[in-house]
Amino acid sequence: MDLVILLAIQVLYAIASLALISVGLAIIFGMMRVINLAHGEFLMLGGYAAIVATSYGVSIWISMLVVAPVVVGIIGIIVERTIIRFLYGRMIDTMLATWGLSLFLVGLTTAIFGNTTVGISAPLGSFQIGAYRTSGYTLFVIAVAVVVMFGIFVVLRGTRLGLIARGTMQNANMAAALGVNPPRVYAVTFGIGAALSGLAGAVLAPVSGVFPTIGVAYVAKSFITVIGGGAAILSGTVSASTLFGTINQLATFATTPVFGEVALLAAAIVLIRLLPQGITGRFFRRGL
Amino acid sequence: MKVDRRRFLQGTAAAAAAGAFSSPAWAADDPIGVASVHDLSGGLDIYGKPMVDALTLAVEEANAAGGLLGRQIKLINYDTQSNMQLYTQFAQQAALKDKVAVVHGGITSASREVIRPVLDRFKTLYFYNTQYEGGVCDRNQFDTGVTPAQTVEKLVPYAMKKWGKKVYVIAADYNYGQITSQWVKKYVTENGGEVPSIDFFPLDVTNFGPTISKIQAAKPDFVWSALVGGAHISFYRQWAAAGMRKSIPMASTTFAVGNEHIVLSPDECNGMLICYNYFQDLKNPVNAAFVTAFQKRFGADYPNITELAMGTYQGFRLWAEAVKKAGSVDRLKVIEALETGISIDAPSGKVTIDPPTHHCVLDVHIAEVNDKKLKVLEDFAQQKPADTAAVCDLIKNPTDNQQYVIKI
């Protein structure tokens, strides 16, 4: 029984971390149709922002939940204004440009911080479930994911800003005719996507550590999740994370981590074969 | 500067005389080329940078002492960027274009197996200076790193005596992890213990939650880690965050090679046992002088001189010793000189080439991670590479050329 509870927590954690690392990409790729190959590096920058802020004495919670998203969000807006805005509608070109950007960011962080970065340990200690122990930080990551998803839902569904963003992405010319300034909406949306990536990178930093090339470990999984999820940002991310996270954790627990990764990829391939538009291409079509 | 006519004439005459004298002896004055082929960028640079630093120091020391055979040594540095293609390319360049006397390089077993055949084909002497899983048998290659028979064999009984007989093994899923974990299993079984499970991890895995529960369910006396690289550091973080560091101890022959003990906080890795040939804290006069020279060259705040850096330093010193003995940099003459069983007094203690295997006989030490320092607990003098010796005899079969996977 203890083991079942422990396992349930870990499955939830896997879902939460997949959802967190993919949601920024889901906004940038799902809404804006920009293939952002520098997504992993946005996560990495979030981790560095949190570590640097903490080392300057900022409380770890503030550096993770405030400093990291703000810093990476600003970087995102700069990137959008200087690179991405010239490339809307040219998917291959954005891929190349963001790939170059990702190499540049890896090189830059290596030059500034070196390769071995002193990380931060996970706060909150551990707690006992029967005969087993697990980290309290796991629960915190799950909570952050829930809050972020709920926050996105509220903003997109309930606020004027969300309405404008959705409208502009669907038909920029029409939105412009109604008095919206599409370039500004694009920049803000890209910035918010980047900020969410920064938040995810910071929240996962105490667990996974931070080094300049860590983006590679994230980027493939986030793309698999977003493509598996399909067009709808929220329901797509949540449903694909749930599916892949569960399969990955249970397969890892039952067999080996190698097989766990294989199971995740195999599930993704089958899913894309059966549902080329992703999960939300067929189900939850009216979802966000 | 004002040059008058007389001085001008003197100068030209001297230059002409020097030119006349030096041209017949031109080849002898040429510097001796030594190539370094290491990853200085990309995922493996945490290992490569200290190795190249140590090699740089060794070359500078040799040059300051007058070079070898009266010639200066020129270090040609190639950065392979953690990319196997570049290994092939740079090994060829070092052999064919630079015509170096020796190549020091390769970090992972994969990179070694990429350049080994290239250097064999172009008859260029090769030194592989990393601790590895053992078994390479090639007359053109010398290995100065420790093998499992030298470290795992010592650390397993030590840890079992301290903590108990049930050992859970976790390892990186490639050559080194696969073979080393088999050695761990062999020595645990031989010492009357058991290994309930060996789990392998791809090098980019960062979530260890399910494994940590599995380990708890298996209730081992200690965990043996052969995890490798940046992503795997997160295992130690998650292990400590789950409160496991204090209840189940850990031993490793990969930890701290990339200075993991400095990256992690003391709370995440204190008490872990490790076993290597070299620790910066070794107490002997040669090491004291070496550490002073190293810190003078690369800064007093240099984090920690690693095992791999020392292997590279010792590799160069052994080669230089052999060149002196052979009186030549000719490949075969140097190999023959090395095969006489050359030894040096290195900072890690006495290091001797073992002629039949081309590996080294050297001291190993068990140490404990203690507040970002590595505290030496016990020394084992002059360990032989028994694993490789079981399969490889280059004196009897000089043409042998392969990596044996030792059946366990």
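Going by the structure above, here's the rest.
Predicted model, so just to flag it, every value in this text is computed and none were measured.

Before going further, it helps to spend a moment on the overall build of chain B. Check the secondary structure of chain B and you find 15 helices and 16 strands. Against the globule reference of 22 Å for 408 residues, chain B gives a C-alpha radius of gyration of 23 Å, in line with a compact fold. Overall size of chain B, expressed as C-alpha extent along the three principal axes, is 90 × 50 × 40 Å. Taken across its 408 residues, chain B has 59% of its residues classed as buried. Partitioning the intrachain contacts of chain B with sequence separation of at least 6 by distance along the chain shows that 69% fall at a separation of at least 24. For chain B, the computed accessible surface area is about 15700 Å², with 54% contributed by carbon and sulfur atoms. Here chain B contributes 41 positive and 42 negative side-chain charges, whose respective centroids are spaced 4 Å apart.

Moving on, we get to the interface of chain A and chain B. Across the contact, 32 residues belong to chain A and 33 residues belong to chain B. For the pair chain A and chain B, the summed buried surface comes to about 2600 Å²; carbon and sulfur atoms form 59% of the total. In this assembly, chain A and chain B are joined by zero salt bridges. The tally of links from chain A across to chain B stands at five residue pairs in polar contact (both at pLDDT 80 or more). Where the side of chain A that touches chain B is concerned, the elements lending two or more residues are helix H1 (2–31), strand S2 (132–135), helix H8 (182–208), helix H10 (233–254) and helix H11 (257–274) of chain A. Ranked by residue count, the leading element in the side of chain A that touches chain B is S2 of chain A, at four residues. Its residues assigned to classes, the side of chain A that touches chain B comprises 14 nonpolar, 16 polar and two charged.

Right, let's get into helix H2 (residues 39–55) of chain A. Residue and element names in this part refer to chain A. For H2, built from 17 residues, the straight-helix expectation of 24 Å at 1.5 Å per residue is met to within 8% by its first-to-last C-alpha distance of 25 Å. In terms of residue burial, H2 counts as a mostly covered element, since 14 of its 17 residues are buried. Following H2 by one or two positions, Gly57 has its phi on the positive side, about 95 degrees.

Below, the discussion takes up the packing of aromatic side chains. When we look at a pair of aromatic rings, we describe it by the centre distance and by the angle of the planes. All told, the structure shown has 24 aromatic pairs over all chains when counted by the stated rule. For the pair Tyr48 of chain A and Phe113 of chain A, a centre-to-centre distance of 4.5 Å together with 20 degrees between the ring planes defines the contact as stacked. With Tyr48 of chain A in helix H2 and Phe113 of chain A in helix H4 (residues 91–113), this residue pair connects regions lying 65 residues apart in the sequence. What makes Phe113 of chain A partly exposed here is its relative accessible area of 33%. Ring centres of Tyr236 of chain B and Phe255 of chain B lie 4.8 Å apart, and the angle between their planes is 75 degrees; on these two criteria the pair is classed as edge-to-face.

A few words on the packing of H2 of chain A against H8 of chain A. Residue and element names in this part refer to chain A. With their axes 7 Å apart at the nearest point, H2 and H8 run at an angle of 60 degrees to one another. The angle between the axes of H2 and H8 places the two elements in the oblique class. Every pair of crossing elements has a handedness; the one defined by H2 and H8 is right-handed. Touching His39, Phe42, Leu43, Gly46, Gly47 and Ala50 of H2 are Phe190, Ala194, Ser197, Gly198, Ala200, Gly201, Ala202 and Ala205, all from H8. Per-class residue counts for the contact of H2 with H8 are eight nonpolar, six polar and no charged.

Attention shifts here to the side chain of Thr98 of chain A. All names here are of chain A. By the element assignment, Thr98 lies in helix H4. The exposure class assigned to Thr98 is buried, which follows from its relative accessible area of 1%. Aside from chain neighbours lying at most four places away, what touches Thr98 is Ile35, Asn36, Leu37, Ala38 and Ile84.

This part is about the sheet that holds strand S3 (residues 102–105) of chain B. Residues and elements named next belong to chain B. Pairing within the open sheet is parallel, and its five strands lie in the order S2-S1-S3-S4-S6. Two strands in the sheet have a free side with no partner beyond their single neighbour: strand S2 (73–79) and strand S6 (141–143). Averaged over all pairs of adjacent strands, the angle between their axes in this sheet comes to 20 degrees, without regard to strand direction. By the bridge criterion, four bridges tie strand S1 (residues 32–38) to S3 in an arrangement that is parallel. Its bridge partner lying in S3, Ala35 is registered against Val103. Most of the contacts of helix H4 (residues 84–97) go to S2, to which it runs at about 160 degrees, and overall it touches S1, S2 and S3.

Definitions and cut-offs
Residues numbered from 1 in each chain as written. Chains lettered and ligands numbered in written order. Predicted model: local features only at pLDDT ≥ 70, side-chain atom pairs only at ≥ 80, totals over all residues. Heavy atoms only, no water. Helix = DSSP H or I, 4+ residues; strand = E, 2+ residues; numbered from the N terminus. Rg over C-alpha atoms; globule rule 2.2 N^0.38 Å. Buried < 20%, exposed > 50% of the residue type's maximum accessible area, 1.4 Å probe, protein only. Contact = heavy atoms within 4.5 Å. Areas by Shrake-Rupley, 256 points an atom, 1.4 Å probe, with all protein chains shown as cover. Lys, Arg positive; Asp, Glu negative; His and termini not counted. Charge placed at Lys NZ, Arg CZ, Asp CG, Glu CD. Buried area = accessible area lost by both parts, 1.4 Å probe. Salt bridge = Lys/Arg side-chain N within 4 Å of Asp/Glu carboxyl O. Polar contact = N/O pair within 3.5 Å; in protein donor to acceptor, adjacent residues only side chain to side chain. Nonpolar A, V, L, I, M, F, W, Y, C, P; charged D, E, K, R; others polar. Expected span 1.5 Å × (residues − 1). Phe/Tyr/Trp six-rings, centres within 6.5 Å; stacked < 30°, edge-to-face > 60°. Axes fitted to C-alpha atoms, helices over the stretch in contact; angles between N-to-C directions. Parallel < 35°, antiparallel > 145°, perpendicular 65-115°, else oblique. Left-handed = near helix turned anticlockwise from the far one by under 90°. Pairing = 2+ DSSP bridges.

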